[in-house]
Amino acid sequence: MIVIQGMSFRYKQNRPVLDSLSLQMEPGGVYGVLGANGVGKTTLLHLLGGLLFPKSGTVTVDGHTPQHRQPDFLEQVFYVPVDFELPNISVEAYQKRYAPFYPNFSTTSWAHALQTFDLQPSMKLQALSFGQKKKVLLSFAIASGCRVLLFDEPTDGLDIPSKDSFRRLLSARIDDQRLALIATHHVHDVAMLLDHLIVLKEHSLLLQAPIADLAGSVRTLVSTHLPPENTLLYSERVPGGYHCLVRNTDEQEGALDLELLFKALQIHPDIAQNIQRYEKHV
Amino acid sequence: MKNTFDFRRFVQVCRLTWQTQPVLPYIILLSAIPLIFLFFFDDARGGFVSLRNEAPLVLFAVCMWGCGWLYAGLAFHELGNTGSANRYLMVPASTLEKWLAKSLLVFFVFPLIIWVAYNIVFQIFGLFSVRWFAFEYAPVNWYSLEVKTALFFFYLGLPVAYAAGVVWKRFGVLKGLVFICVLFFVLIQVISIGAGQYFLNSGRGMLLSEVSPPFYGSDADAGTLGLINIFWLLAAYVPSALLLASTYFFIKERTL
């Protein structure tokens, strides 16, 4: 559904933001994009939405070239940015204004999402808090019926119950025809949603793997003692012991803390190659 | 880029464009109405109003130029910040549909609103002035050369303001310079019209001749008039048309 081949992008300062990036994403999945600040997560979403144009390489989304911004492409892609501006109208008027542009917009899903987020259609957007505005936008994205949903820090500004509501709403909406891409630093908020992980480092791809495969090859554990060196990939001290990333040699069902994995990858990027080797081995 | 056009979607875009149009020109238009009344009443009270008074036309022209160009400059206000630009660029419609919808409002709908608003004000003034001052302005002859000239300058400057509004974020200095040049040019024309120096009845029917700068006079020879026409063509018509066309490409190529 999304195919990126050798894509590079740089802003005017000539500093590369994304360099020869190649990725492939299939429908039916929720992809999480992790990366340090300035590594190009938001830029990647903008490139996929046709809001920026690649300097080299190609991007296709559902067979379309995003930078052409053709209506049939835009009808199938909804982007929830981290910084947004909503007009000074009611929630209901917002839906009436923009929903006609999305042929698969579901008023039932919209009403359900608003109800889940405890929002009233008569509420004025300008009178809402940032978190409430975000919930309106998330509700619209989920109800839009778009095949590709792009989220930049979707849980930013949401309270704890709303984060849970967002996870439930999105997971109910993603079927084998749709794809969601979530760029975030708050990986704990969306960890349960993700089934694929993409890690960017130094403006290029460090790791792309299904979460299930990752969990089959590595796992995280909290231990009072450090595990044997031949299984330990990364550890950090926590109160009462160590938080460790280890090889899942015995294929145990165990938790995989994506934040710890991300930290490990930032410090020891070679772990990514090891993980992929373990995957093949498993 | 393949640019599809779908009439149903275009109507939706027009509706959206109408709903999201800039409010400031309307506020200025509304605030101009009391000023027009004030000017008319002072003029009517003066007792020295000439039989052929240009005040209605001048006020109409000033109102239309000021509000119309401002409206054109703000037409793409969504592109002014990242948040609203995101939303505008991702509205599922082609660039052509978005551009046509904006252009429709800028070039036809808003000028029509100004014209209607001005006429209402003019008629209301007429009701009072006859009763209070036994005075009534002669109605503006909308087919006159003066009106055509005012409209000509209005539409000549409109693409400049339109394009300047699109490139505002990227070429702020350029916009400033273009605006100053246009305003300076218009100011000279306004002064010329106001001072009655503008020659309108030179016997030449062509619009090109009618808008020739006043200092050439009506007795310019054919060679001079030819040069004047070439000057206008290169200095005004072609740049104006190019600026209008450029607005389409600015939206098409606009990124965040």
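Worth saying up front: this structure is predicted, and the values here are computed from it rather than measured. (Residues numbered from 1 in each chain as written. Chains lettered and ligands numbered in written order. Predicted model: local features only at pLDDT ≥ 70, side-chain atom pairs only at ≥ 80, totals over all residues. Heavy atoms only, no water.)

1. A closer look at the overall build of chain A
Stage number 1. Along chain A, the regular secondary structure elements total ten helices and twelve strands.
Stage number 2. For 282 residues, the compact-globule formula gives about 19 Å, and the C-alpha radius of gyration of chain A, at 20 Å, lands near that figure.
Stage number 3. When its C-alpha atoms are laid out on the principal axes, chain A stretches across 60 × 45 × 35 Å.
Stage number 4. Looking at chain A as a whole, 56% of its 282 residues qualify as buried.
Stage number 5. Put simply, 67% of the contacts in chain A that link residues at least 6 apart link residues at least 24 apart.
Stage number 6. Working note: accessible area of chain A is about 12,100 Å², and carbon and sulfur atoms make up 48% of it.
Stage number 7. Here chain A contributes 25 positive and 29 negative side-chain charges, whose respective centroids are spaced 6 Å apart. (Helix = DSSP H or I, 4+ residues; strand = E, 2+ residues; numbered from the N terminus. Rg over C-alpha atoms; globule rule 2.2 N^0.38 Å. Buried < 20%, exposed > 50% of the residue type's maximum accessible area, 1.4 Å probe, protein only. Contact = heavy atoms within 4.5 Å. Areas by Shrake-Rupley, 256 points an atom, 1.4 Å probe, with all protein chains shown as cover. Lys, Arg positive; Asp, Glu negative; His and termini not counted. Charge placed at Lys NZ, Arg CZ, Asp CG, Glu CD.)

2. Things to note about the interface of chain B and chain A
Stage number 1. Counting from both sides, the interface comprises 29 residues of chain B and, opposite them, 26 residues of chain A.
Stage number 2. With both chains or domains summed, chain B and chain A bury close to 2,400 Å², and 59% of this area falls on carbon and sulfur atoms.
Stage number 3. Per-residue buried area on chain B facing chain A is highest for Arg87, Met90 and Pro92 of chain B; these three make up 30% of the total on that side.
Stage number 4. In this structure, the connection of chain B to chain A is made through zero salt bridges.
Stage number 5. At the surface where chain B touches chain A, the tally comes to eight residue pairs in polar contact (both at pLDDT 80 or more).
Stage number 6. Taken together, the elements giving at least two residues each to the side of chain B that touches chain A come down to α1 (7–19), α4 (82–89), α5 (95–133) and α9 (222–252) of chain B.
Stage number 7. Broken down by element, the residue count for the side of chain B that touches chain A peaks at six residues, all from α1 of chain B.
Stage number 8. Its residues assigned to classes, the side of chain B that touches chain A comprises ten nonpolar, ten polar and nine charged. (Buried area = accessible area lost by both parts, 1.4 Å probe. Salt bridge = Lys/Arg side-chain N within 4 Å of Asp/Glu carboxyl O. Polar contact = N/O pair within 3.5 Å; in protein donor to acceptor, adjacent residues only side chain to side chain. Nonpolar A, V, L, I, M, F, W, Y, C, P; charged D, E, K, R; others polar.)

3. Considering the sheet that holds strand β11 (residues 232–238) of chain A
Residue and element names in this part refer to chain A.
Stage number 1. The antiparallel open sheet is built from three strands, whose spatial order is β10-β12-β11. Whereas interior strands pair on both sides, the edge strands pair on one side only; in this sheet they are β10 (218–223) and β11. Taking each pair of neighbouring strands and ignoring which way they run, the sheet shows an average axis angle of 15 degrees.
Stage number 2. Strand direction decides the pairing type here: β10 and strand β12 (residues 241–247), joined by six bridges, are antiparallel. Within the sheet, the bridge partner assigned to Arg219 lies in β12 and is Val246.
Stage number 3. The sheet contacts of helix α9 (residues 258–267) involve β10, β11 and β12, and relative to β11 the element is tilted by about 115 degrees. (Pairing = 2+ DSSP bridges. Axes fitted to C-alpha atoms, helices over the stretch in contact; angles between N-to-C directions.)

4. Regarding the confidence of the model for chain B
Close reading of the predicted structure is inappropriate where its pLDDT is low.
Stage number 1. Across chain B, the average pLDDT comes to 78, with 72% of residues at 70 or higher.
Stage number 2. In the predicted assembly, ipTM is 0.88 and pTM is 0.84. (pLDDT = per-residue confidence, 0-100.)

5. Looking at the environment of Phe53 of chain A
Stage number 1. Residue placement: Phe53 of chain A occurs in the loop between α1 (41–48) and β4 (56–61).
Stage number 2. Using a relative accessible area of 13% as the deciding quantity, one classes Phe53 of chain A as buried.
Stage number 3. With 45 residues separating them along the chain, Phe53 of chain A and Ser8 of chain A place their C-alpha atoms 9.6 Å apart.
Stage number 4. Once residues lying within four places of it in the same chain are set aside, the contact partners of Phe53 of chain A are Phe9, Leu47, Gln67 and Arg69 of chain A together with Lys252, Glu253, Arg254 and Thr255 of chain B.

6. Remarks on helix α3 (residues 91–98) of chain A
Stage number 1. Taken as a whole, α3 of chain A has its buried residues at Val91, Tyr94, Gln95, Arg97 and Tyr98 of chain A. The arc that holds the buried residues of α3 of chain A, viewed along the axis, is 165 degrees, so those residues lie on one side. (Arc of directions from axis to C-beta.)

7. Comments concerning the domain arrangement of chain A
Often, the extent of an interface is quoted as the loss of accessible area on bringing the components together.
Residues and elements named next belong to chain A.
Stage number 1. Looking at chain A, the domain boundaries give domain 1 (2–202) and domain 2 (210–279).
Stage number 2. Broken down residue by residue, the surface that domain 1 buries against domain 2 is led by His188, Leu197 and Lys201, which jointly contribute 43%.
Stage number 3. On inspection of domain 1 and its partner domain 2, the count reaches zero salt bridges.
Stage number 4. For the interface between domain 1 and domain 2, the tally reads three residue pairs in polar contact (both at pLDDT 80 or more).
Stage number 5. By residue number, the principal contributor to the side of domain 1 that touches domain 2 is strand β8 (residues 196–201), which donates five residues. (Domains from an automatic or database assignment.)

8. Here we look at a nonpolar patch on the surface
Residue and element names in this part refer to chain B.
Stage number 1. Together, Leu112, Trp115, Val116, Ile120, Ile124, Phe128 and Trp132 line one region of the surface with nonpolar side chains, adding up to about 650 Å² of accessible area.
Stage number 2. Residue placement: Trp132 occurs in helix α5.
Stage number 3. On the basis of relative accessibility, which here comes to 51%, the residue Trp132 falls in the exposed class. (Patch = residues over 30% accessible without salt bridge, like charges linked within 9 Å, V, L, I, M, F, W, Y side chains within 5 Å.)

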